[in-house]
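Examining the three-dimensional arrangement
Residues per chain are reported as follows:
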Amino acid sequence: MRVYADNAATTQVSRSALEAMLPCFTEYYGNPSSMHQSGQDAARLLINARETMAKYLGASPNEITFTSGGSEADNQAIISAALRGARKGKKHIISTKFEHHAVLHAVEKLGKEGFEITLLDVHEDGIVRLPKLEAAIRPDTALVTVMYANNEIGTIQPISEIGALCREKGVIFHTDAVQAAGHLEIDVTKQNIDMLTLSAHKFHGPKGIGLLYCRKAIPLSTLIEGGAQERGKRAGTENIPAIVGMAAAFREACENMAVNMPRVRALRDRLIDGVLARIPEVILNGDREKRLPGNANFSVTGIEGESLLLLLDNAGICASSGSACTSGSLDPSHVLLAIGLPHETAHGSLRLTLSEYNTQEEIDYIIEALPPIVEKLRMMSPVWKKK
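Description of the structure in this document. (Residues numbered from 1 in each chain as written. Predicted model: local features only at pLDDT ≥ 70, side-chain atom pairs only at ≥ 80, totals over all residues. Heavy atoms only, no water.)

**Points about the sheet that holds strand β8 (residues 210–214)**
Consider a sheet: its strands pair through backbone hydrogen bonds, and that pairing is either parallel or antiparallel. Pairing within the open sheet is mixed, and its seven strands lie in the order β2-β8-β7-β6-β5-β3-β4. Edge positions in the open sheet fall to β2 (64–67) and β4 (116–120), since each of these has one partner strand only. With strand direction ignored, the average angle separating the axes of adjacent strands in the sheet is 20 degrees. Relative to β8, β2 is paired through four bridges, and the arrangement is antiparallel. Within the sheet, the bridge partner assigned to Ile64 lies in β8 and is Tyr213. Contacts from helix α2 (residues 37–57) reach β2, β7 (195–199) and β8 within the one sheet, and its direction differs from that of β2 by about 115 degrees. Those strands touched by helix α6 (residues 159–169) are β5 (141–145) and β6 (172–176), and its axis lies near 160 degrees from that of β6. (Pairing = 2+ DSSP bridges. Helix = DSSP H or I, 4+ residues; strand = E, 2+ residues; numbered from the N terminus. Axes fitted to C-alpha atoms, helices over the stretch in contact; angles between N-to-C directions. Contact = heavy atoms within 4.5 Å.)

**Here's the deal with the pattern of salt bridges**
For the structure on display, the rule yields 17 salt bridges. Between Asp125 and Arg129 there is a salt bridge, with its nearest N and O atoms 3.2 Å apart. Overlapping salt bridges bring together Arg268, Asp269, Asp273 and Arg288 as one network. (Salt bridge = Lys/Arg side-chain N within 4 Å of Asp/Glu carboxyl O.)

**Notes on the side chain of Gln157**
Looking at the secondary structure, you find Gln157 in the loop between β5 and α6. Within the local environment of Gln157, its side chain forms a polar contact with the backbone oxygen of Gly126, the two atoms lying 2.8 Å apart. From its side chain, Gln157 meets the backbone nitrogen of Val128 in a polar contact 2.7 Å long. The contact partners of Gln157, leaving out residues within four places of it in the chain, are Phe98, Gly126, Ile127, Val128, Val146, Met147 and Tyr148. (Polar contact = N/O pair within 3.5 Å; in protein donor to acceptor, adjacent residues only side chain to side chain.)

**Here's the deal with the packing of helix α1 (residues 15–26) against helix α7 (residues 240–255)**
In a pair of packed helices, the angle between the axes and the distance between the axes together describe the arrangement. Where α1 contacts α7, the axes come no closer than 8 Å and their chain directions differ by 155 degrees. Taken together, the axes of α1 and α7 are roughly antiparallel relative to one another. As for how α1 packs across α7, the hand of that crossing is right-handed. Of α7, the residues touching α1 (which contributes Ser16, Ala17, Ala20, Met21, Cys24 and Phe25) are Ile240, Pro241, Ala242, Val244, Gly245, Ala248, Ala249 and Glu252. (Parallel < 35°, antiparallel > 145°, perpendicular 65-115°, else oblique. Left-handed = near helix turned anticlockwise from the far one by under 90°.)

**Considering the environment of Pro61**
By the secondary structure assignment, Pro61 is in the loop between α2 and β2. Using a relative accessible area of 35% as the deciding quantity, one classes Pro61 as partly exposed. C-alpha of Pro61 to C-alpha of Asn48: the two residues are 13 residues apart in sequence and 9.3 Å apart in space. Setting aside anything within four residues of it in sequence, one finds Pro61 in contact with Arg50, Glu51 and Ala54. (Buried < 20%, exposed > 50% of the residue type's maximum accessible area, 1.4 Å probe, protein only.)

**Comments concerning the packing of helix α8 (residues 257–278) against helix α12 (residues 360–380)**
Relative orientation of the contacting elements α8 and α12 amounts to 20 degrees, with a least axis distance of 10 Å. Classified by the angle between their axes, α8 and α12 sit roughly parallel to one another. Classified by chirality, the crossing of α12 by α8 is right-handed. Two secondary-structure elements touch here, α8 through Leu267, Arg270, Leu271, Gly274, Val275 and Arg278 and α12 through Gln360, Ile363, Asp364, Ile366, Ile367, Glu368, Leu370 and Pro371. Counted by class, the contact of α8 with α12 contains eight nonpolar, two polar and four charged residues. (Nonpolar A, V, L, I, M, F, W, Y, C, P; charged D, E, K, R; others polar.)

**Quick notes on the pairing of β8**
Of all five residues in β8, five are buried, a share of seventy percent or more. Where burial is concerned, the two faces of β8 agree: the one with Gly210, Leu212 and Cys214 and the one with Leu211 and Tyr213 are both buried. Two strands pair when backbone bridges link them, and β7 and β8 are joined in this way by five bridges, in the antiparallel orientation. Bridging across to β8, Leu196 finds its partner in Tyr213.

**A short note on the environment of Val171**
Examined against the element boundaries, Val171 turns out to sit in the loop between α6 and β6. Judged by relative accessible area, which is 5%, Val171 ranks as buried. Separated by 45 residues in the primary sequence, Val171 and Lys216 place their C-alpha atoms 15 Å from one another.

Below you can see the structure in the form of C-alpha cells.
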C-alpha cells in the first residue's frame, strides 16, 4: 500500500481544478492584456477567478492580487505594511517565534533595516496568548503578523480576536493563511483581517500560484516592476491556467468543507489515538483540539526524524518531519523549539498530514506500520539504550 500523508507540504491537484485549467492551454491561451478576442477571453477568465476568490474570502475582487505563491504574498504584505508604517514614523513589527520562514525572514530583513521586531512566544500548546500580544503593541507598532494555523504542528490561532484587537489599536493585521485556506472558515471582513495570504497547492490547486488579500484602505508596495498587471502592483503576464485552477480548487474546497473536514478530523483523531496508544514515549505536539483537521505532529523519543522518514517511505508511507521548505536543514524545527521542546526531542519529530482523499484503511496501515519501525530505530539508538 502507498499512503500519502504529507498534505501540509503539497496536495494532489483535484479533478475539478485540472479540468478547469486544461482549456486555458488549448483554447483560452491569449494574453489577458491583449485587445483582441483571444486576449479578452482570457481576461474574462481572470475576472471570474478573482471574483471567485474574493467571494469565498469575504472580500472585494479589487482587494485580490495574484502572486506566485504564499512566500511572495507574505513578503509583499509585510514590506507594504512596514513601508506604510515607516512613512508615519511607526517602525515596530510584531510576529511570533514559530511563523513560516517566509514571514520570519522578511521581518528579520526589516530588522536589519532599522525596524524593531518583537517575536511572541507561543507556549507549549502552540497558541498565542492575546494578553501578551496586547501588551506588546506600542504607539509605533506598524504591523502584527500572526499565521492562521501553523504549518508544522497545525495549531489554530485566535485570529478573530487578534483582528479585533489590532483594529481597536489601529494596527495593520496580516495573517499567513496558507495552511488554513480551504480547511477552515475564513471571512476577512468579519475577522478584521487587513491582509491575508494563501497558496493554491495546499488545497488541491496547482503549484506556483497564490494570492494576497489587502484591504482597500492599505496601499500595496510593488515588489516586481515591469508592467501594469494586477493594478500595477505585480508586473508580469498573469498565469491564467494556474489562476483558474486555484479558483476552481478553492470553490470546491469551501463548498465541501462542511462535509470533508469532519471526516478528515475523524481520521486525524483515529491516527493520533492509535499512535499514542501503541508507541511509548511519544507526545503529540500542539493543542489537541485547536489544530487543523488533518494535522498530527508527534515527537518520538530516542530516534532521528530523518531515519524514521526513510523507513516509512520504504513501507510506502509519505510523511515529513516538519516544513518542506526547510527539509534540507539538519537543525531541529524552529517551531518545536519555540514550543519548548529540547533539541534532542525536536530531532525526532514526525508530521503526518491528511486530506479528504485519505481513507480509514490507510490510517490503520500507518498505525500498524509505525510501531515496529520506531522499535527498530530505538534498538539502534545509543540515546535510547541509555534510558
